Amino acid sequence: MTEEVKRVYAFGKDAQGNNVTEGNTSMKAILGGKGANLAEMANIGLPVPPGFTITCQTCMEYANAGNAWPEGALGTIQEYREDLEARMGKKIGDAEDPLLVSVRSGAPMSMPGMMDTVLNLGLNDQSINGLIKQTDNPRFAWDSYRRFIQMFSNVVMNLDGDLFENAITAMKHARGAASDTDLTAEDLQELVAEFKQIFAENVDAAAYPSLVVDGAVQFPQDPSVQLQLAIEAVFGSWNNPRATLYRKQNKIADDLGTAVNVQSMVFGNKGNTSATGVAFTRNPANGEKEFYGDYLVNAQGEDVVAGIRNTSPIAELKDVDGLEEAGRELEEVFVTLENHFRDMCDIEFTIEQGKLWMLQTRVGKRTAAAALHIAIEMEKEGLISKEEAVMRVDPEQLDQLLHPQFDKNASYDVVAKGLNASPGAAVGEAVFSAADAVAVAEAGRKCVLVRWETNPDDLAGMIAAEGILTSHGGKTSHAAVIARGMGAPCVCGVEALRIDAEKKQASVVGTDIVIKEGDMISIDGTTGSVVLGAVELVLPEMTGDLDTILEWADEFRTLGVRANADNPEDAELSRGFGAEGIGLCRTEHMFLGDRKQIIQTFILNEDPAVREKAVGELLAAQTGDFLGMFRAMDGLPVIVRLLDPPLHEFLESPRALDVEIAKLEAAGGDKALIAEKRMLMEQIDGMSEANPMLGLRGCRLGIVYPILPVMQVRAIATACAELQKEGLNPKPEIMIPLVSVVAELEKLRKVAEDTIAEVAAEQGVELDIPVGTMIELPRAAVTADEIGAVADFFSFGTNDLTQTTFGFSRDDVEAEFVPQYLAERLLPYNPFATIDPGVAKLVEMGVELGHKGNPDLVCGVCGEHGGDPDSVKTFHTIGLDYVSCSPYRVPLARLAAGQAALAEKMGDGRDK
Ligand code: PEP
Ligand code: MG
């Protein structure tokens, strides 16, 4: 820990009513997001209950020492506790007028619901009397005490929450009470005794010797013990399985730690002039400028998020008797926060007997549609600049906008409706537990997770499912918040759905409809509809806000964006998304279907006449393909790559043939047919290689079978000539794959140039078709000066370049050891998804050397990394001319390229 970073920072007012201002919003790495913003809110004069924050660094020190307190830390916390008591004029645990505190986690990056919180800390058998005296409300006091014991037992001691829920249910049953609120102060007092008993019976005395009194475990009465155990539990929750999974999912580092906020409690459950709620300053689903959220009268914060009671919309708050003034003040706070943070904020608040208190704020999570709308509106309002608006949208999120929706022409019956919590539609088998969702997804099938309400333990299932459907909870419930963050469709609060998780089925109230496990269902998170059966899905068109942001990004970006496409439909689609050309047309994809037969004939027949006939048929087919492609991309470059994969990829598998022969033999089949099949199998077997990815593929194919590149170049040149004659402006380019030595390129370039010249002469046109190469082998990258001298362009094939740089088989590793490498952090991320710095170095070297060989060399990338925002940033920094990616990634790449240019302009171009 550095000198200037303290262990604990205070926030809120001192005893004289002045702000303490030790922390601020820029200190998220130290105070966590919650702590930094609590300090900031207090500093700008908003009503924040006073407290203090124990730093993230202390959490990491504690964790790294094997859950042992760093020297002096407990003493410092004690000092800050005493200071807080002095500021509040109350003591924790006091029998006359006790101070109660909350103990909440708060990491530098938002991790909603992933870590622990303890409320009402400080209650014990003495201070309960003080609380009763001060509030004159025994019911409230006993309810607070039973909540504290319940939460402490569950969160800090890891006792099963059902032990306590069952006791409450039994009590309600015994009293004939319909809900918790019908239980009296005496009932709750009895429950407290029962809860303490449950605690004593279930906590392991050996693990907690400090809790043993007179030979038996006792619920801790000493507030210092309560506080220390609660802080330790929050520290520990940084490494609980769901938090660890969430970090992995969201690429959050494991060594940040969580801060712990100890804050004086305010109560939303002190009667009908008290309330609690969560809200957003704008609508986080669509970005409209309206106050959005839910509140509950006479409740504590977790009741809203847990979805246990159904909430009311925040806009109605100021019309509720006794809450009018707080409701109006809250709306003013919304405006203050937006103006201060210059962004949409999400808020937790509590109203205690008419007085508003702010418990949390942070920049709110939002859907992609909302992110775009808010950025554009805020630019129009003059709150942010155009540059900031472009930087505000997460490129990865744009995928959501390109998510499927129900086909408007499809006919289907909506069996139930709920809240449209996260946009997009999903179709899949109904599953009723997170574990089943994971199992179905692992079996390669699609599912929709159906739950009464989700909780953080469901995270793995939520990730595995196509969509999430809940019968309870509002738009800020766990399911809604997490689904929006993941971009997964979600419909929540479908009250007509009665879910029986045990029986794995759900019924729709008032009908005889039953959804059973495995039934196909469809949900539309944009409208809130639930359908029994599979509805046809369609992808939406790009409009409005997305276009605006992408046009703004285009104003700043210097990196071109092209698409990888090998048929006219995909080419047109990508053009619609703003692609400025085709960076990679994989011609082997044109050899599937009927064409496979022709290429098989070519490979398996050594008779030149048969081969020539096959090539003639391929020529006709390929010419047609290129006519379609060049027409769709008229006026824009289309890089056509000559055949790349190992030839036997076009042949039947010898293993399948072996099985077929065995079956024929067992059935006493035709001997001649069996002999023919056996010969074929041996022939294919003879062609198989130990390492096909390093074998007869890429340019090597064209060298071994020169007739193939001649045929392909002829088809390209002929299609180009025909379209030129039609008056169009086709711009094909020819790309030679997998070159390792310059001689390969020289040889094939000559074949291409000769063929182009022949076609030009035959057709009577001038053809200007550049010839370039892919750089996808380390040897090519390090000799790029020689190769560049004979190339018009380079396209970095970062899939193969990653494979050959690491020596990782690209077809296998993601299922093999890479997951373990990622889990053990031997790799920070999958290098086939985000460009690795080592591979990027080879790209950089290739660009630099290539320009030595040819100063006019055009350089791009066409590996999968071209559609990954982090990699796009790296390619911008390296100075490539363009990235090329799959059509649906084009919008994302445009935005990422704009952001990369802006980051550089703003002096943030160094990372990576
Ligand atoms: C590459 O290797 O990056 C590339 C684009 O080619 P392919 O994926 O077809 O091997
Ligand atoms: Mg390749």
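Every value quoted in this text rests on a predicted model; they were computed, and no experiment measured them.

Here we take up the site of ligand 1. In the vicinity of ligand 1, 14 residues are found, and the nearest of them are R586, R641, G797, N799 and R810. In this structure, R641 approaches ligand 1 through a side-chain N or O atom, which is 2.8 Å from an oxygen atom. Within the contact set of ligand 1, an oxygen atom lies 2.7 Å away from a side-chain nitrogen or oxygen of R810. Contact with the protein chains covers 96% of the free accessible surface of ligand 1, which is 280 Å².

Next up on the list: the pairing of strand β6 (residues 117-121). Moving residue by residue along a regular strand, the side chains alternate between the two faces of the sheet. Summarising burial for β6: four of the five residues are buried, a large majority. As paired elements, strand β5 (residues 101-106) and β6 share three bridges and run antiparallel to each other. From the neighbouring strand, V103 faces β6, where its bridge partner is V118.

Taken domain by domain, the chain holds domain 1 (6-262), domain 2 (273-365), domain 3 (412-536), domain 4 (586-645 + 690-768) and domain 5 (651-687). Taking only C-alpha atoms into account, the centre of domain 4 sits 32 Å from that of domain 5.

The protein atoms that coordinate the magnesium ion (ligand 2) are E776 (OE) and D800 (OD), at distances of 2.0 to 2.2 Å. With E776 in the loop between β32 (771-775) and α27 (778-782) and D800 in helix α29 (residues 798-806), this residue pair connects regions lying 24 residues apart in the sequence. Both residues of the pair, E776 and D800, belong to the buried class.

UniProt tags H478 and C862 as "active site" (unreviewed entry). The greatest C-alpha distance among the annotated residues, which extend across 385 residues, is 38.9 Å, indicating that they are dispersed rather than converging on a single site. Within the secondary structure layout, C862 lies in the loop between β34 (858-861) and α32 (869-878). Judged by its relative accessible area of 1%, C862 is buried. In this view, C862 contacts N564, G583, L584, M735, M774, S795, F796, G797 and S884; residues no more than four positions away in its chain are not counted.

On to the packing of helix α6 (residues 161-175) against helix α7 (residues 185-202). Close contact between α6 and α7 brings their axes to 10 Å; oriented N to C, the two are set at 145 degrees. When you trace α6 past α7, the crossing you get is right-handed. Along its contact with α6, which presents L163, F164, A167, I168, M171 and R175, the element α7 presents D187, E190, L191, E194, F195, I198 and N202. Looking at the contact of α6 with α7, its residues break down into eight nonpolar, one polar and four charged.

This next bit is on the nonpolar core. Core analysis: the largest hydrophobic core is formed by 97 residues, its most contacted members being L767 and L880. Residue contributions to this core peak at ten residues, all from helix α25 (residues 707-725). Of the residues that make up this core, three or more belong to each of domain 4 (586-645 + 690-768) and domain 5 (651-687). Not counting residues up to four positions away in its chain, the partners in contact with L880 are L559, F796, V843, V847, C859, G860, V861 and F875. The next biggest cluster of nonpolar side chains, apart from the first, holds 89 residues, and it includes M114, V156, C447 and A483.

This part covers the pairing of strand β25 (residues 520-524). In terms of residue burial, β25 counts as a mostly covered element, since four of its five residues are buried. As paired elements, strand β18 (residues 425-431) and β25 share five bridges and run antiparallel to each other. Across the sheet, residue V427 finds its bridge partner in β25, namely S522. Direction of pairing for β25 relative to strand β26 (residues 529-532): antiparallel, over a ladder of four bridges.

With respect to topology, five strands assemble into an open sheet ordered β1-β2-β9-β5-β6, the strand pairing being antiparallel. Across the chains shown, the open sheet's two edge strands, defined by having one partner strand only, are β1 (8-11) and β6. Adjacent strand axes in the sheet meet at a mean angle of 20 degrees, parallel and antiparallel pairs treated alike. Where β1 and strand β2 (residues 51-54) come together, four bridges link them in antiparallel fashion. In the sheet register, F11 faces β2, and the bridge partner there is G51. Taken strand by strand, helix α1 (residues 28-43) contacts β1, β2, β5 and β9 (259-264), and its axis lies near 30 degrees from that of β9.

Glancing now at the UniProt feature "binding site: substrate" (unreviewed entry) in the chain. According to UniProt, the positions carrying the feature "binding site: substrate" (unreviewed entry) are R586, R641, E776, G797, T798, N799 and D800. Apart from residues lying up to four places away in sequence, G797 is in contact with M774, I775, E776, C862 and G863. As for its position among the elements, N799 is in helix α29. When residues no more than four places from it in sequence are discounted, the contact partners of N799 are R586, R810, F832, G863, E864 and H865.

One non-glycine residue, N120, lies in the positive phi region at around 65 degrees. Inspection of the secondary structure puts N120 in strand β6. Residues other than glycine seldom take positive phi values, yet D214 does so here, at roughly 50 degrees. Along the chain, D214 falls in the loop between β7 (212-213) and β8 (216-217).

Thresholds applied
Residues numbered from 1 in each chain as written. Chains lettered and ligands numbered in written order. Predicted model: local features only at pLDDT ≥ 70, side-chain atom pairs only at ≥ 80, totals over all residues. Heavy atoms only, no water. Near = heavy atom within 4 Å. Polar contact = N/O pair within 3.5 Å; in protein donor to acceptor, adjacent residues only side chain to side chain. Areas by Shrake-Rupley, 256 points an atom, 1.4 Å probe, with all protein chains shown as cover. Buried < 20%, exposed > 50% of the residue type's maximum accessible area, 1.4 Å probe, protein only. Helix = DSSP H or I, 4+ residues; strand = E, 2+ residues; numbered from the N terminus. Pairing = 2+ DSSP bridges. Domains from an automatic or database assignment. Donors = N, O, S within 2.8 Å, 3.2 Å for Na, K, Ca; no water. UniProt positions renumbered as here; feature names shortened; annotations may be inferred. Contact = heavy atoms within 4.5 Å. Axes fitted to C-alpha atoms, helices over the stretch in contact; angles between N-to-C directions. Left-handed = near helix turned anticlockwise from the far one by under 90°. Nonpolar A, V, L, I, M, F, W, Y, C, P; charged D, E, K, R; others polar. Core = buried A, V, L, I, M, F, W, Y, C linked by side-chain atoms within 4.5 Å.

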